[in-house]
Amino acid sequence: MSETLLPADEPAVAAAIAAAAAAGEPLAIEGRGTKRALLRPVQAARTLSLRKLSGITLYRPQELILSAWAGTPLPEIEAALAERGQQVVAEPPDLTALFGATEAATIGGLVATNLSGPRRITAGAMRDHVMGIRAMNGLGEVFRSGGRVLKNVTGLDLCKLLAGSHGTLGVITEVTLKVLPAAPATGTVAVRVADLTAAVRVLSAGLGSPYGVSGAAVLPGEHPLAVLRLEEFPESIAYRAGRLRDALAGMGEVSVIEDAESRALWRRVRDAEPLEAAPEEAIWRVSVQPTAGPGVVAALGFGKSLLDWGGGLVWLAGPATAETHAAVMAAAAAAGGSFTLFRGPEALRAAVAVLPEEPAALAAIGRRVKAVMDPRGVLNPGRMRAAG
Amino acid sequence: MISLPEPKPAVMARRAEIVAGLQALVPGDGVISEAVRLKPYETDGLSAYRQPPLAVVLPTTTEQVAAVLAYCHANGVRVVPRGAGTSLSGGALPLADAVVLGLMRMNHILEVDYANRLAVVEAGVTNLGITNHVAADGFFYAPDPSSQLACMIGGNVNMNSGGAHCLKYGVTANNLLGLKLVTIEGEIFEVGGRYLDAAGYDWLGLLTGSEGQLAVITEVTVRILHSPEGQRAMLAAFTSNEIAGEAVDAIIASGIIPVALEFMDRPAIHACEAFAHAGYPLDAEAMLIIEVEGSTAEQDMLLGRLKEICERFAPISLKVAETAEQSLAIWKGRKGAFGAVGRISPDYLCMDGTIPTGQLPFVLKRIGEMSASYGLQVANIFHAGDGNLHPLIMFDANDPKSFHDAEQFGADILTLCVEVGGCLTGEHGVGVEKRDLMPVQFTPFELDQMRAVKAAFDPDWLLNPAKVFPLEGNAAFQTAA
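Residues numbered from 1 in each chain as written. Chains lettered and ligands numbered in written order. Predicted model: local features only at pLDDT ≥ 70, side-chain atom pairs only at ≥ 80, totals over all residues. Heavy atoms only, no water.

Residues and elements named next belong to chain A. When cut into domains, chain A gives domain 1 (1-182 + 358-388), domain 2 (185-270) and domain 3 (275-351). Relative placement of domain 2 and domain 3: their C-alpha centres are 24 Å apart. Counting residues at the interface gives 13 residues for domain 2 and eleven residues for domain 3. With both sides pooled, the region where domain 2 packs onto domain 3 buries about 890 Å², and carbon together with sulfur makes up 67% of that total. For domain 2, the biggest contributors to the area lost against domain 3 are Leu 196, Val 200 and Val 269; these three give 45% of the whole. At the junction of domain 2 with domain 3, the criterion picks out zero salt bridges. Applying the counting rule to domain 2 against domain 3 returns three residue pairs in polar contact (both at pLDDT 80 or more). Going through the elements one at a time, helix H7 (196-207), strand S11 (215-219) and helix H9 (259-270) are the ones with two or more residues in the side of domain 2 that touches domain 3. At six residues, the largest contribution of residues to the side of domain 2 that touches domain 3 is made by H7. Grouping the amino acids of the side of domain 2 that touches domain 3 by side-chain chemistry returns eleven nonpolar, two polar and no charged. (Domains from an automatic or database assignment. Contact = heavy atoms within 4.5 Å. Buried area = accessible area lost by both parts, 1.4 Å probe. Salt bridge = Lys/Arg side-chain N within 4 Å of Asp/Glu carboxyl O. Polar contact = N/O pair within 3.5 Å; in protein donor to acceptor, adjacent residues only side chain to side chain. Helix = DSSP H or I, 4+ residues; strand = E, 2+ residues; numbered from the N terminus. Nonpolar A, V, L, I, M, F, W, Y, C, P; charged D, E, K, R; others polar.)

Another point: the packing of helix H2 (residues 15-25) of chain B against helix H4 (residues 62-75) of chain B. Residues and elements named next belong to chain B. In the contact formed by H2 and H4, the axes pass within 9 Å of each other and the chain directions differ by 155°. Classified by the angle between their axes, H2 and H4 sit roughly antiparallel to one another. The crossing of H2 and H4 is right-handed. Contacts between H2 and H4 involve Glu 17, Ile 18, Gly 21, Leu 22 and Leu 25 from the first element and Gln 64, Ala 67, Val 68, Tyr 71 and Cys 72 from the second. When the residues that make up the contact of H2 with H4 are grouped by side-chain class, the tally is seven nonpolar, two polar and one charged. (Axes fitted to C-alpha atoms, helices over the stretch in contact; angles between N-to-C directions. Parallel < 35°, antiparallel > 145°, perpendicular 65-115°, else oblique. Left-handed = near helix turned anticlockwise from the far one by under 90°.)

At the junction of the two partners, chain A supplies 76 residues and chain B supplies 90 residues. Taking both partners together, chain A and chain B bury about 6500 Å²; carbon and sulfur atoms supply 59% of that area. Our enumeration of links across chain A and chain B arrives at eight salt bridges. Residue Asp 202 of chain B pairs with Arg 127 of chain A through a salt bridge whose shortest N-O separation is 2.9 Å. Along the contact surface separating chain A from chain B lie 26 residue pairs in polar contact (both at pLDDT 80 or more). At the level of elements, helix H5 (120-123), strand S8 (142-146), helix H6 (158-162), strand S9 (171-181), H7, helix H8 (234-248), strand S17 (338-343) and helix H13 (360-373) of chain A are the ones that each hand at least two residues to the side of chain A that touches chain B. Take the side of chain A that touches chain B: its biggest share by element is nine residues, from H13 of chain A.

According to UniProt, the "domain: FAD-binding PCMH-type" (unreviewed entry) feature falls on residues 49-227 of chain B. Helix and strand shares over residues 49-227 of chain B are 21% and 26% respectively, and the end C-alpha atoms of the span are 39 Å apart. (UniProt positions renumbered as here; feature names shortened; annotations may be inferred.)

Our next topic: the domain arrangement of chain B. All names here are of chain B. Domain annotation for chain B reports domain 1 (1-227 + 442-481), domain 2 (231-337) and domain 3 (345-435). Each of domain 2 and domain 3 was reduced to a C-alpha centroid, and the two centroids are 23 Å apart. At the interface, 13 residues of domain 2 touch 13 residues of domain 3. Joining domain 2 to domain 3, the criterion identifies four residue pairs in polar contact (both at pLDDT 80 or more). Elements with a minimum of two residues in the side of domain 2 that touches domain 3: helix H9 (241-253), strand S13 (260-265) and helix H10 (266-276).

Structurally, the position occupied by Thr 183 of chain B is in the loop between strand S8 (176-182) and strand S9 (188-192). Setting aside chain neighbours within four positions, we find Thr 183 of chain B in contact with Ile 365 of chain A together with Leu 69 and Phe 189 of chain B.

Before going further, it helps to examine the packing of aromatic side chains. Summed over all chains, the structure comprises 13 aromatic pairs over all chains. Ring centres of Trp 461 of chain B and Phe 469 of chain B lie 5.8 Å apart, and the angle between their planes is 80°; this geometry places the pair in the edge-to-face category. Accessibility classification places Trp 461 of chain B together with Phe 469 of chain B in one group, the buried group. One aromatic cluster in this structure is built from Phe 99, Trp 315 and Phe 342 of chain A. In this structure, Lys 335 of chain B is placed above the aromatic ring of Trp 331 of chain B, and the distance from its NZ or CZ to the ring centre is 5.3 Å. (Phe/Tyr/Trp six-rings, centres within 6.5 Å; stacked < 30°, edge-to-face > 60°. Buried < 20%, exposed > 50% of the residue type's maximum accessible area, 1.4 Å probe, protein only. Lys NZ or Arg CZ within 6 Å of the ring centre and 35° of its normal.)

Right under this line is the structure:
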């Protein structure tokens, strides 16, 4: 990375992209660059950082709406929300430790990578709470999609198209989020079981109950711990934890983890700490139907795994080799799911498919969509796939 | 009136040949071409617009859908996908040279998986059909548009339908896992699956709410949830729209997100009360229906807090249901709102804008002024938690001036919604109804960017044409003079 462009406002971002398109010179697009090791290395001589496009532009707590420039650090948004008892619904992870980053992620980067935490399973993904964006295409032409209201089906939802496109289809400059009140209390019902299959049975029972479970993970170990989170008013926590405890009593040794300890536990799950990945190891995220999660772990025979989302999100850590990666791809495919090479050395990430291949008809549409959004191919080339 | 494109003369001239071609692909009684049997397909929930199609084809499998689309693509025939035909925005309105592709015979629930909390269903299964199928086991499918008895899941996905309970459970997009689709070329593919958040572009998100512009959906994998232990409603009536709006703000600020938070203005209260005799306070200017979920004790706790909040705003009526029956009685009038308005007016247009909730008093005041100036009555129903406003404009379709004024009144309301920071449609879709208002909300470039994405899926503009995007400046259409 030789040169980094640091535009300070949206017109300057647009000018930089228009110039890059005119010159046919690709750009690596980033917020604060905390997730450079995610997916494939970008083939670009220059970087465009949105870090100077920072700050909350609108916050209406009664309307459950917050807008911010894409380069706004997540902690700044979380602090503003916390003052009014609200939160970012999708509970995005803090991956600074995992990626060895030195500063906090930006809201634009979290939307562009569609990263969600444990609450995803009941409250939706990061992209589900993006009510509107300002963005520009690969020619620097600015457009808006969505708006600043909670329900909007006007026109094609380009917010969804850009969320999760890792900066390859457009550059998001401003994000409008739906936010919600943070529950005043939390608690966790934990069940010690014999193996992962038994653990996912506990999670399925909890998520298939009427008690509003908002997190369902398995802490690894010789005897795994299935954990089910409640987020409610304090009176409801006591009641619902009691009911869950009774319902799950036959499935293993049940305990209840109280408020403060529960919060700490779910922060660790959110940030994938229980995975205990060594610095030299690669990390994968595999998404499958929940009951297939234990099978993915068993097929690979890794020592290191962490199940979240009721068993459907499988975090894996293992040797950073093409052979291991091929085994993960095969296990995800066998389980009918999806995978991401989430962290790995640059040589590995450049050499393998970091995401599943798409069926031919869809891949063809994808190339056409890329061509209309970024006709000169200057936005993050190579980030998601070797060709584009 | 909204203009529709000129039929393609070459297609009209080959009608008999096209019907025979479709019959070869969907044998038996799967193709309809007689004028009298095309009649039921000439309109949808926006019944002011009517146009019989070239033919109707009713496939029973995804492979038949693919064959029909490949045939239409090869022959340059326009295709209008249709579920139950309940669209309030004319999303299923045919064109004279188009084949209506009806999915209603694909109505099977293919699989229910409680351990993974999902169901795989064909596009023609009704919304309520899913819930009815899993209710005995304690589960439900969350989005609940008012047409849920009739509307089909394929249409719900295409319109990203909402409902009264989406404040808590989200809209259709938040309750999907995967789709099986067919491109206009007749290629079958799947997006998503039985798991969350497929890596790669979010095709599932883009296709949801795409109003039949991108591909034809034949199968849907939906998330199902366990029902809460119970639910109960309360009613609070106030002396002005402003005060009711302040009560809504106070409820949200308290940290309670009710499962439903419905607002009715004075004309809506009167219409519903006359129809349903639900015991609504006729001296109120505005009324809220608030519903909470949980165990009986939890309901008591939440309703108690909500009652305290409402009491701060000098309510003229405050009724907390103590039983499920009392709760149903509170909902009875609101759920019959469309029938109630239909009873006092020969016709009505149901509008669907969204506004920032803080703008409600101003918007209702302006709608009242417009109502007086057009000489047309309007009743307002509002999903207050999420800002989705449904003005019901009453008119007489047999009087051309009344219809014209009603359309203009509706356009003025939606323009106002955009001016105060909102949007043209919260859950009904653009369809033909709001197509020509799109420039009010979007710049010419924004429309072009969306058109370019549409064309990446459907380069010849054969799929559900003349909807969503204004025709002006689009070389794919020649409009009637």
